[in-house]
Amino acid sequence: MTAPLATVPPSPSQSDMANAIRFLAADAVEKAQSGHPGMPMGMADVATVLFTQFLKFDAKTPRWPDRDRFILSAGHGSMLLYALAYLTGFDDVDIEQIKRFRQFGARTAGHPEFGHVAIAETTTGPLGQGIANAVGFALAEKIEAARFGGEVVDHYTYAIVGDGCLMEGISQEAISLAGHHKLAKLIVLWDDNGISIDGRISLAQSDDQLARFAASHWDVTRVDGHDPLAIAAAIRQAQGSDKPSLIACKTIIGLGAPTKAGTEKVHGAPLGAEELAGARVKLHWPHDAFVVPANILEAWRAAGVRGTAERQAWEQRLTHLDAERRALWDRLANRRRPAGWHDAASVFKNKIIAEKPKWATRKASQEALEVLTAAIPEMIGGSADLTHSNLTMTKATKPITPEDASGRYLHYGVREHAMGAIMNGLILHGGLIPYGATFLVFTDYMRPAIRMAALMGLPVLYVMTHDSIGLGEDGPTHQPVEHLASLRAMPNLLVFRPCDPVETMECYEAALDNVGGPSLFSLCRQALPTVRRDAGENRSAKGAYVLAEADGQRQVTLIATGSEVELALKTRDILAAKGVGAAVVSMPCCELFDRQDEGYRRAVLGETSVKVAVEAASTFGWERYVGSRGAVVGLTSFGVSAPAEQVYSHFNITADAVADAALASLRQES
């Protein structure tokens, strides 16, 4: 008698594959008793179409440079991303990581974090950051394609966004710039479910989003987000557009949940055991928690290696690059700086010492950038409509335009927030070092993006000018007071406030060597003398150093930054005339100084001397350097509109006032 044939499981349907996402997400949130199941359940069909039919990637070589980029701007739906990583076979997300969602030590954090899991191209969660990052990724692709050619740089950037992303003001800044630059390889998939945390979107919004995007020169279309054929047709159409594309995917949040689907109740809380069981019945998913049938998992794993042949073909094309472009490609891929750039910086510093120019540090920055952008071709500059005030364009950085992406300078327009997030996308893409500029006071507009760069450890450069009451007549609306203290409070951000051209170049060198986080330059408008007389060791790289030692015994240590270093040197002379020995410590970067060993810090600040800090900004934070015996000369209120000299005098930030503070502290000692 013939043995019966083994039963072959049927090929899974798109619905089966999407349900695998839905229930991995719902089960993980249920187990964690924390998370957002609604978005993954609602967008599972869209994600299935994208990852199985369109996205160019190789799960076994996840950082392949010419892969398509996928940005989950709606980062609260992180289980969508983790489910896709597990199903397609990313090595760093196994089923145990899914089960440990949101738990201490797990890679599957509450919101996707760059560097935790390979599938996360960026850290998202703060709404709107992801869509602006995506614009940066798409811009980087266009810039790199102009540099290396379409044979090795030719990929799309896809982003899933939610209603919240589109409510955030940064989204308008970002989509406007994307439309202007005709970023045709940017495709945004909007989870148009009509629900936010508070309830129906109609509680707070009645915008026509498609009209908004169309007005910003995007192609727009609307589809049923649960119709795989319609989704695929829309993506195919978007790929053929000469504009960026928005696909509004009309979905049901929490699809399958019998009583909570389509409501805010499924947005940010577990379904509950009864609701989850009901969803299994409704969607015909009889499998236990975290179980994906073999035939469905195999189909997903096949999708995960669907791009292997394309990757291998790309690797062959890369070998055909000419020697010069291949050498540049390899250097950038390995994140190495070009040979000789430090030498160019040294030549600049020696020239400065010989010529002793009197420049504002924003001018010193411009001259330093002239040298650095010529030596480091991956530096991409930009400004939020303040180029001629920030002084950030150089001879090497011609503008990037919609028609020509071969330049190295972006005119961001008055879009500080988007500028910060776009720069994050530029550097995350790879191959570029962005620097962007505005006035220091307007870091308030871009702070969320700066924070994300610090969180991700991205070596972005922020060139912030007009950094104190020294900008004068523009008045308190433009005079930063609390900004330096608040920025210094941010973990993993280096804040540099140089005092002259030598320190300015040293700070740029330290920032470019700091590959583990962003750096911000606080630069003045008023002209300052060159006070440094040596250019051997990068003294600014230690954060602070003794610029001028006391004549005789040190009784006072004067600590200053930026434009107030000149003032501290004058104070030293006043005190010397009174028989008081004072040293001047320049502290261009508090964060780097705090990293030095205790012996160095004690030697710089002095063991027994009275310490007085002076900075034309908030006094907050300086007490940790001056101690209870010292004093701080600075601001405790907003500024005023007047010429800079009068403003300094009004607030008593003068050499005489600093000397008086030092003498008063000495009298308290005796």
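Above this note sits the structure.
Residues numbered from 1 in each chain as written. Predicted model: local features only at pLDDT ≥ 70, side-chain atom pairs only at ≥ 80, totals over all residues. Heavy atoms only, no water.

Here the focus is the environment of Leu 547. With respect to the helices and strands, the residue Leu 547 is situated in strand β14 (residues 545–548). Residue class for Leu 547 comes out buried when judged on its relative accessible area of 17%. Sequence-distant contacts of Leu 547, that is, excluding residues within four places in its chain, are made with Val 531, Arg 532, Val 565, Leu 569, Val 584, Val 585 and Ser 586. (Helix = DSSP H or I, 4+ residues; strand = E, 2+ residues; numbered from the N terminus. Buried < 20%, exposed > 50% of the residue type's maximum accessible area, 1.4 Å probe, protein only. Contact = heavy atoms within 4.5 Å.)

Before going further, it helps to spend a moment on the pairing of strand β17 (residues 610–618). When you tally the buried positions in β17, you get nine out of nine residues, the bulk of the element. Bridge count for β17 against strand β18 (residues 631–635) is four bridges, and the pairing is parallel. Looking across to β18, one finds that Val 612 is bridged to Ala 631. (Pairing = 2+ DSSP bridges.)

Next up on the list: empty space enclosed by the protein. Enumeration over the complete set of coordinates arrives at three cavities of 30 Å³ or more. Of the pockets and cavities examined, the largest cavity occupies roughly 100 Å³. Lining the largest cavity are 13 residues, and of these Phe 57, Asp 68, Phe 90, Ile 119 and Glu 121 sit closest to its centre. For the lining of the largest cavity, a count of residues per class yields eight nonpolar, one polar and four charged. One number sums up the size of the second largest cavity: a volume of about 60 Å³. Lining the second largest cavity we find Asp 219, Val 220, Thr 221, Ala 234, Gln 237, Ala 238, Ser 241, Ser 245, Leu 246 and Ile 247. When residues of the lining of the second largest cavity are traced back to their parent elements, those giving at least two are β6 (219–224), α9 (228–239) and β7 (245–250). When its residues are assigned to classes, the lining of the second largest cavity shows five nonpolar, four polar and one charged. (1 Å grid on protein atoms, 1.4 Å probe; cavity = no way out; pocket = protein on both sides within 12 Å on 5 of 7 lines; lining within 4 Å. Points joined across faces, edges and corners; volume = space filled by probe spheres on them. Nonpolar A, V, L, I, M, F, W, Y, C, P; charged D, E, K, R; others polar.)

The volume enclosed by the largest pocket comes to roughly 710 Å³. Leu 332, Arg 335, His 429, Gly 430 and Gly 431 are, among the 30 residues lining the largest pocket, the residues nearest its centre. Where the lining of the largest pocket is concerned, the elements lending two or more residues are α5 (129–148), α13 (323–333) and α17 (416–429). Here the residues of the lining of the largest pocket are counted per class, giving 16 nonpolar, five polar and nine charged.

Okay, the sheet that holds strand β15 (residues 556–560) next. One open sheet accounts for five strands, arranged β14-β16-β15-β17-β18; its pairing is mixed. Two strands bound the open sheet, and with one partner strand each, they are β14 and β18. Each strand of the sheet is rotated relative to its neighbour by a mean of 25°, with strand direction disregarded. In the sheet, β15 pairs with strand β16 (residues 582–586) via five bridges, with the strands oriented parallel. Looking at β16, one finds that Ala 560 is bridged to Ser 586. (Axes fitted to C-alpha atoms, helices over the stretch in contact; angles between N-to-C directions.)

Scanning all chains against the criterion turns up 17 aromatic pairs. Relative to Phe 70, the ring of Phe 51 lies with its centre 5.2 Å away and its plane at 85°, an arrangement referred to as edge-to-face. In this pair, Phe 51 is assigned in helix α2 (residues 38–54) and Phe 70 in strand β1 (residues 69–72), connecting sequence segments 19 residues apart. Considered together, Phe 51 and Phe 70 belong to a single accessibility category, that of buried residues. (Phe/Tyr/Trp six-rings, centres within 6.5 Å; stacked < 30°, edge-to-face > 60°.)

Keep in mind these numbers describe shape, not what the thing actually does.
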